[in-house]
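Coordinate analysis (summary)
The primary structure of each chain is shown beneath.
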Amino acid sequence: MSIEKRPQAIELSHHLSKLAVARRTSPLKGLQKYMLNKDAIMLAGGMPHPSYFPFADISANALLHDAYSLEPSQERSSLSWVWKLFGAGSSKEKTTNITIPKFVSNPMEEVNLATALQYGTAQGILPMQKFLKEFAGKVYQPGYANWTTLIHTGNTDAWSRAVLTLCNPGDFFLTEEWTYPSALSSSAPYNILPVAIAMDSEGMRADDLRKTLAEWDETARGARRPHVIYTVPVGQNPSGATMAEERKKAIYAVCVEFDVIIVEDDPYYFLQQGLYKPKAERSSEPLKHDTDKFLTSLAPSYLRYDYQGRVIRLDTFSKYVAPGSRLGWFTCAPVFAERLERQGETTTQAPCGFSQSLVTQLLTTWKFDGYVRWLHGLAIEYRSRRDFFIDCLNDEFQVSKSVGTKGVWQGLDVLDYRLKSTEMSEKHKSKKLFSLVPPTSGMFLWLALHFESAPGFQPGDEDTIEIKLWEILAKKGVLVGPGWFFAATEDVMDSGEGHFRISFSNAEFPVMKKAVGIFAEVLREFFKQT
């Protein structure tokens, strides 16, 4: 649908918190709109003269947009540490120099330090604003006409701003029963607490969402019905679930029915990797990049189905450029963007000028198609990492397949891991140690640990045993995420099971293999057969 035919966002200002309504334009920041006049004489603010900035320019050797192959080999990746050790890695990288000067002839259109390092607006520098608007429009295709973008300092900051813009102390918000722990930690001090919604193989269930909203008893709960969802729909953290089109439409319909705002936290959106295949089944056919085909292959954003303006999408450069850039953006209706901007004016103000200038210059050098090609290359890299880690587990344990019957794995092919037949007695051959479903997106494996197989286990011991096993691994030098970190509420823990979230995103391939070896050694001892 063309922008001309799309509707305008509906009136949703009743969702704003008391704090958000009370915010006023910062007096000094309110002058910024007049500073866009290039002929204005600036005498109002305490702005240092740019000649006093001790940087004449900033330069960097940036990787080319196609630096990562679309068909990486594990052999190349697993030996990359050798190249780095002997200083040969840099000669293998394809780079281009980018330079940001202090002064340019057209400071409104060109990235420059005089602007980027100066006090600026909470909207970010203009070239970045322009790129983000183009990118969000082409990739996410919001279903209404007057959407906008606003810069922030990463998705954790973005959620903190969003929850205070939408919720009052004492409110509840809706989220998956397993979720990102920092989202819970940032809202808890304000007494804004989660309500866990049941999950299946695609993440949040629309039927349980509707049931929770329809049966909400304000007297019994001591709070009004929740009007905000926090969700990670792609590469769901921690489960790895990815929500497809029909489920998003169903959840959006429930949100329209009950007047709910969706905060779509989507840091892993471009790390959609497809199904895991064992080594023998993997294709060796070369891949060719096509921008439209790659973007079409991705699960659509909630924005695609948002015809009312009730989705606040959070994007980040942390997973695609660098976490230390502390840079991302909202895509949402103007009523929310304006309030979020007011909050930014008196808190973070704007992301660091060094980050903005370097990332913007990188993106404008690569351009839209180049950035999409970079994202495609990263998705292939992370697919290779995921496959390698699961391959290592398959080498260490005896693996079999079953079909999930409940929760996030219902209906999916589950990989069940046991001790190899040579390591166990006949009577213990059926005991599973742990299970997983290979994620189709993101950076993590979500393991279910079968504690009922542990000697002396009694129902109710799950939390204690999970912590005990985690501590043994930590002392052996392997750190994973304990499952209880990710429970939205205390009552979502599975009987007889614990969980670990294991990342395959950072360690070199030989280190991952070593970690799996230690993990196997610890499990063999922990689940020692008698």
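In case you missed it, the structure is sitting above this.
Residues numbered from 1 in each chain as written. Predicted model: local features only at pLDDT ≥ 70, side-chain atom pairs only at ≥ 80, totals over all residues. Heavy atoms only, no water.

For any two helices packed against each other, one specifies the inter-axial angle together with the distance between the axes. Following both chains from N to C, one finds helix H8 (residues 155–166) and helix H14 (residues 334–345) inclined at 115 degrees, their axes separated by 10 Å at the closest point. By the angle between their directions, the pair H8 and H14 is classed as roughly perpendicular. The crossing of H8 and H14 is right-handed. Contact with H8, carried on its side by Ser160, Arg161, Ala162, Leu164, Thr165 and Leu166, involves Phe336, Arg339, Leu340, Glu341, Gln343 and Gly344 of H14 and no other residues of that element. For the contact of H8 with H14, the per-class residue count stands at five nonpolar, four polar and three charged. (Axes fitted to C-alpha atoms, helices over the stretch in contact; angles between N-to-C directions. Helix = DSSP H or I, 4+ residues; strand = E, 2+ residues; numbered from the N terminus. Parallel < 35°, antiparallel > 145°, perpendicular 65-115°, else oblique. Left-handed = near helix turned anticlockwise from the far one by under 90°. Contact = heavy atoms within 4.5 Å. Nonpolar A, V, L, I, M, F, W, Y, C, P; charged D, E, K, R; others polar.)

With that settled, consider the packing of helix H10 (residues 206–214) against helix H12 (residues 245–258). At a minimum axis distance of 9 Å, the contact between H10 and H12 shows a crossing angle of 10 degrees. The angle between the axes of H10 and H12 places the two elements in the roughly parallel class. Residues Ala206, Leu209, Arg210, Leu213 and Ala214 of H10 form the contact with H12, whose participating residues are Arg247, Ala250, Ile251, Val254, Glu257 and Phe258.

The next point concerns the packing of aromatic side chains. The geometry of an aromatic ring pair is captured by the separation of the ring centres together with the interplanar angle, meaning the angle of the planes. Applying the stated rule across the entire model yields 33 aromatic pairs. Arranged with centres 4.6 Å apart and planes meeting at 50 degrees, the rings of tryptophan 159 and tyrosine 230 form a pair that is tilted. Residue tryptophan 159 is found in helix H8, and its partner tyrosine 230 is found in strand E8 (residues 228–231); the two are separated by 71 residues along the sequence. Summarising the burial analysis for this pair, tryptophan 159 and tyrosine 230 share the class buried. Relative to phenylalanine 434, the ring of phenylalanine 397 lies with its centre 5.1 Å away and its plane at 85 degrees, an arrangement referred to as edge-to-face. In this pair, phenylalanine 397 is assigned in the loop between helix H15 (353–396) and strand E12 (398–403) and phenylalanine 434 in strand E14 (residues 434–436), connecting sequence segments 37 residues apart. Of the two residues, phenylalanine 397 and phenylalanine 434, neither departs from the other in class, the shared state being buried. Across the ring face of phenylalanine 368, the terminal group of lysine 138 is positioned such that the distance to the ring centre comes to 4.5 Å. Stacked on the ring of tyrosine 269, the Lys or Arg arginine 313 has its end atom at 4.8 Å from the ring centre. (Phe/Tyr/Trp six-rings, centres within 6.5 Å; stacked < 30°, edge-to-face > 60°. Buried < 20%, exposed > 50% of the residue type's maximum accessible area, 1.4 Å probe, protein only. Lys NZ or Arg CZ within 6 Å of the ring centre and 35° of its normal.)

Further remarks concern H14. Because an α-helix packs 3.6 residues into every turn, residues spaced three or four apart end up facing the same way. Between its terminal C-alpha atoms H14 stretches 16 Å, which fits the 16 Å expected from twelve residues at 1.5 Å a residue. Here H14 lies mainly inside the structure; nine of its twelve residues are buried. Buried residues of H14: Phe336, Ala337, Arg339, Leu340, Glu341, Arg342, Gln343, Gly344 and Glu345, and no others. Packed against the buried residues of H14 are helix H1 (18–22), strand E3 (148–152), H8, strand E9 (261–265), strand E10 (311–316) and strand E11 (328–332). (Expected span 1.5 Å × (residues − 1).)

Counting 132 residues, the largest nonpolar core has Phe135, Phe270, Tyr371, Leu393 and Phe434 as its most contacted members. The element contributing the most residues to this core is H15, with 16 residues. In this view, phenylalanine 434 contacts Leu393, Phe397, Leu415, Asp416, Tyr417, Leu447, Ala448, Leu449, His450, Phe519 and Leu523; residues no more than four positions away in its chain are not counted. Among the nonpolar cores identified, the runner-up in size contains eleven residues, and Val408, Trp446, Ala448 and Phe486 belong to it. (Core = buried A, V, L, I, M, F, W, Y, C linked by side-chain atoms within 4.5 Å.)

On to the sheet that holds E10, then. With respect to topology, seven strands assemble into an open sheet ordered E3-E11-E10-E9-E8-E4-E5, the strand pairing being mixed. One side of each edge strand has no neighbouring strand; the edge strands of this open sheet are E3 and strand E5 (193–197). Across this sheet, the average inter-strand angle for adjacent strands is 25 degrees, counted without regard to direction. Pairing geometry for E9 and E10, over four bridges, is parallel. If you follow aspartate 265 over to E10, its bridge partner there is leucine 314. Each of E8, E9 and E10 touches H12; the most contacted strand, E9, lies at about 145 degrees to it. (Pairing = 2+ DSSP bridges.)

With that out of the way, let us pick up the side chain of serine 17. Within the secondary structure layout, serine 17 lies in the segment before H1. Judged by relative accessible area, serine 17 falls into the buried class, the value being 1%. If sequence neighbours within four positions are ignored, serine 17 has contacts with Leu164, Thr165, Leu166, Cys167 and Asn168.

Here we come to the sheet that holds strand E16 (residues 481–482). Spatially, the six strands line up as an open sheet ordered E12-E13-E14-E15-E17-E16, and their pairing is antiparallel. With partners counted over all chains shown, the strands left at the sheet margins are E12 and E16, one partner each. Relative to strand E17 (residues 497–503), strand E15 (residues 444–450) runs antiparallel, the two sharing seven bridges. Bridge pairing in E17 places alanine 448 opposite histidine 499. Contacting E15, E16 and E17, helix H16 (residues 462–475) runs over the sheet at an angle of about 35 degrees to E17.

Moving on to unusual backbone geometry. With the exception of glycine, most residues fall at negative phi, and the peptide bonds are largely trans. A cis amide bond, omega 25 degrees, links asparagine 237 with the succeeding residue proline 238. Mapped onto the secondary structure, proline 238 falls in the loop between E8 and H12.

Bringing the pattern of salt bridges into the picture now. Scanning all chains against the criterion turns up 24 salt bridges. Here lysine 211 ties to glutamate 215 by a salt bridge, and the two come within 3.1 Å at their closest N and O atoms. Accessibility expressed as a relative area gives 46% for lysine 211, which makes it partly exposed. For glutamate 215, a relative accessible area of 53% gives the class exposed. Several salt bridges converge on common partners, so that one network encompasses Glu338, Arg339, Glu341, Arg342 and Glu345. (Salt bridge = Lys/Arg side-chain N within 4 Å of Asp/Glu carboxyl O.)

Note on placement: glutamate 466 falls in helix H16. Within the buried set, glutamate 466 has no salt-bridge partner at all; the shortest N-O distance to an opposite charge, 12 Å, is to arginine 501. One polar contact links the side chain of glutamate 466 to the main-chain amide nitrogen of glycine 483, over a distance of 3.1 Å. A polar side-chain atom of glutamate 466 sits 2.8 Å from the main-chain amide nitrogen of histidine 499. (Lys, Arg positive; Asp, Glu negative; His and termini not counted. Polar contact = N/O pair within 3.5 Å; in protein donor to acceptor, adjacent residues only side chain to side chain.)

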